[in-house]
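# Architecture at a glance
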Amino acid sequence: YMTLIEQIKEYQLKVRKNRDAAAAATLTTLIGEAEMIGKNANRQVSDNEVVSLIKKFIDNIDFTLSKVTEGQEKLLAEKELLSIFMPVQLNREQLTKIVSDIKVEVNASVPKDMGKIMSVLKTRYETCYDGKMAAEIVKMVLAE
């Protein structure tokens, strides 16, 4: 099993061999920041931490895209490159089904049980869903 950071390093090597300087630079920055997270904690960086970092990079690109008109192709290419390493995100329907199953599993029935459901959801699917959407769905499912 290759960790996510190892997969990114392997891909970075490939783009460098293909002389894709822009992609190599983006991945070098990502690798540097990810390794710093691990180094600061005296351990290897986890896949979840790398995914969180990639999400942060993509959010920053989206923010920049909303503010500028020039250089958008470069930013979109960067976003597409980073997206390769993101786990598949659950859609609303999939997330609703999972939350409903967890609700039954943990015997949740009142709004204050939201934490129980979110805790199980995070343990099993941490990097695969949008937190805001998950919170909305949990509230909705608990109201049923």
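One structure accompanies this document, and this report is about it. Quick caveat, the model's predicted, so the values are computed rather than measured. (Residues numbered from 1 in each chain as written. Predicted model: local features only at pLDDT ≥ 70, side-chain atom pairs only at ≥ 80, totals over all residues. Heavy atoms only, no water.)

In the Ramachandran plot, R19 falls in the positive-phi region, its phi being about 60 degrees despite a non-glycine side chain. Of note, N107 is a non-glycine position whose phi angle comes to about 55 degrees, a positive value. Secondary-structure assignment places N107 in the loop between α5 (92-105) and α6 (114-125). (Helix = DSSP H or I, 4+ residues; strand = E, 2+ residues; numbered from the N terminus.)

A few words now on the packing of helix α1 (residues 4-17) against helix α2 (residues 21-40). It is the contact of α1 with α2, at a shortest axis distance of 9 Å, that shows an interaxial angle of 155 degrees. Classed by the angle they form, the pair α1 and α2 counts as roughly antiparallel. Here α1 and α2 pass one another in a crossing that is left-handed. When α1 is examined against α2, the residues I5, I8, K9, Y11, Q12, V15 and R16 are found in contact with a partner set consisting of A23, A24, L27, T28, L30, I31, A34 and E35. Across the contact of α1 with α2, the residue classes tally to 10 nonpolar, 2 polar and 3 charged. (Axes fitted to C-alpha atoms, helices over the stretch in contact; angles between N-to-C directions. Parallel < 35°, antiparallel > 145°, perpendicular 65-115°, else oblique. Left-handed = near helix turned anticlockwise from the far one by under 90°. Contact = heavy atoms within 4.5 Å. Nonpolar A, V, L, I, M, F, W, Y, C, P; charged D, E, K, R; others polar.)

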